[in-house]
Amino acid sequence: MSLDTPDTSSPTAPAMAESPMLAVYGHTITWRHLILTAVLLILLMSALAVAAGWWAWHHLAVNVALREQQALVRLPDALSVRAELTRQVAVRIDQTLPVRVPIQQDLLIPIKDAIPVQVSIDTVLPIRLDVPVRQTIHLDQTVDIDTQVRTRVLGFNLTLPIQGRVPVKADVPVDMVIPVRKDLPIAFTTMAQVRITEPLRTRIDTVIQTQVPIHEALRLPITEPVAARLTFPQQQVQAGLDLMDLTVPFEAVTMALRRSTGAAP
């Protein structure tokens, strides 16, 4: 590369612009080339700066840390929230509730008391007994006699008819066994006490509908979140900020003059 000094004795600017300044690898560089190159570099850097600013404007944010600040918070008229309650809620119930209870269960029902049952019996009862009889029968009565008696009178056998009334007074001992063999028909209706030793097995498949009066103060646990609506009597309240990190996008940032130190926050 060779350096050629321009002719400073030229009185006109166009001639100065066309005069060579540098020669790089055999190419002559003039003032026009330098000005055009500088303009292109400025335009390129401006375009890059605009692109970088546009990307930062839409994708970057400012992180602001606020320490021990006083703020005026604006509250809405009402706010719908879902709250979880950890304590039991006291509820006073004074009404009659309809209750529908489905029951499907196998039951064992023990019955310990005797059950009165009306029993009808129509059968034949066989009687097979041997009845011993030991007693003394007292006789005091008059017996009518009409019979014939064989006797012997003077060596002759005679048959004498006897008729009449004979008074009898005697104690007759009786010692015998009387067999009783008889089928006795029995037909009657009576009340009987029946005891069931085994529990009754039954299947209940029904729905019970009833009215249950409830007059009670209950404390009920709330296990699910409940929907609530909060209303605020004051729309603006003072709040103290101890430490808060704010992330503000660039597009929401505006420029303003800085307040003096003695001004209220």
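Take the overall build of the protein chain next. When helices and strands are tallied, the protein chain shows two helices and eleven strands. The linear arrangement of helices and strands in the protein chain, starting from the amino end, is β-α-β-β-α-β-β-β-β-β-β-β-β. Scored against the burial criterion, the 265 residues of the protein chain give a buried share of 3%. In the protein chain, the share of contacts with a sequence separation of at least 24, taken over all contacts with a separation of at least 6, comes to 82%. Carbon and sulfur atoms provide 59% of the accessible area of the protein chain, an area that totals close to 23,400 Å².

Evaluation of the coordinates by the stated rule reveals five salt bridges. Close ionic contact of Arg-203 with Asp-106 constitutes a salt bridge, the shortest N to O distance being 3.2 Å. Here Arg-203, found in strand S9 (residues 200-220), pairs with Asp-106, found in strand S6 (residues 89-109); they are 97 residues apart in sequence, far enough to count as distant. For Asp-106, a relative accessible area of 55% gives the class exposed. Residue Arg-181 pairs with Asp-130 through a salt bridge whose shortest N-O separation is 3.1 Å. Taken together, the residues Arg-181 in strand S8 (residues 156-194) and Asp-130 in strand S7 (residues 115-153) connect sequence positions 51 residues apart.

Residues Trp-31, Leu-34, Ile-35, Val-39, Leu-40 and Leu-43 make up a contiguous nonpolar surface patch of roughly 570 Å² in combined accessible area. Here Ile-35 lies in helix H2 (residues 31-59). Its relative accessible area of 53% is what places Ile-35 among the exposed residues.

Structurally, the position occupied by Gln-235 is in the loop between strand S10 (226-231) and strand S11 (236-249). By relative accessible area, which is 31% here, Gln-235 ends up partly exposed. Remark: the alpha-carbon pair of Gln-235 and Val-73, spanning 162 residues in sequence, is separated by 8.2 Å. Residue contacts for Gln-235: discarding those within four places in its chain leaves Val-73, Arg-74, Leu-75, Pro-76 and Asp-77.

A few words now on the environment of Pro-161. Residue placement: Pro-161 occurs in strand S8. With relative accessibility at 63%, the residue Pro-161 sits in the exposed group. Taking C-alpha positions, Pro-161 is 8.7 Å from Arg-150, a pair spaced eleven residues apart along the chain. Contact partners of Pro-161, with chain neighbours within four places excluded, come to Thr-147 and Gln-148.

Mean pLDDT over the protein chain works out to 76, with 83% of the residues at or above the 70 mark. Mean pLDDT values for the elements of the protein chain range from 38 in strand S1 (residues 2-3) up to 86 in H2. Counted against residues more than four places away or in other chains, residues 1-18, with its pLDDT under 50, gives 17 contacts.

Parameters and conventions
- Residues numbered from 1 in each chain as written.
- Predicted model: local features only at pLDDT ≥ 70, side-chain atom pairs only at ≥ 80, totals over all residues.
- Heavy atoms only, no water.
- Helix = DSSP H or I, 4+ residues; strand = E, 2+ residues; numbered from the N terminus.
- Buried < 20%, exposed > 50% of the residue type's maximum accessible area, 1.4 Å probe, protein only.
- Contact = heavy atoms within 4.5 Å.
- Areas by Shrake-Rupley, 256 points an atom, 1.4 Å probe, with all protein chains shown as cover.
- Salt bridge = Lys/Arg side-chain N within 4 Å of Asp/Glu carboxyl O.
- Patch = residues over 30% accessible without salt bridge, like charges linked within 9 Å, V, L, I, M, F, W, Y side chains within 5 Å.
- pLDDT = per-residue confidence, 0-100.

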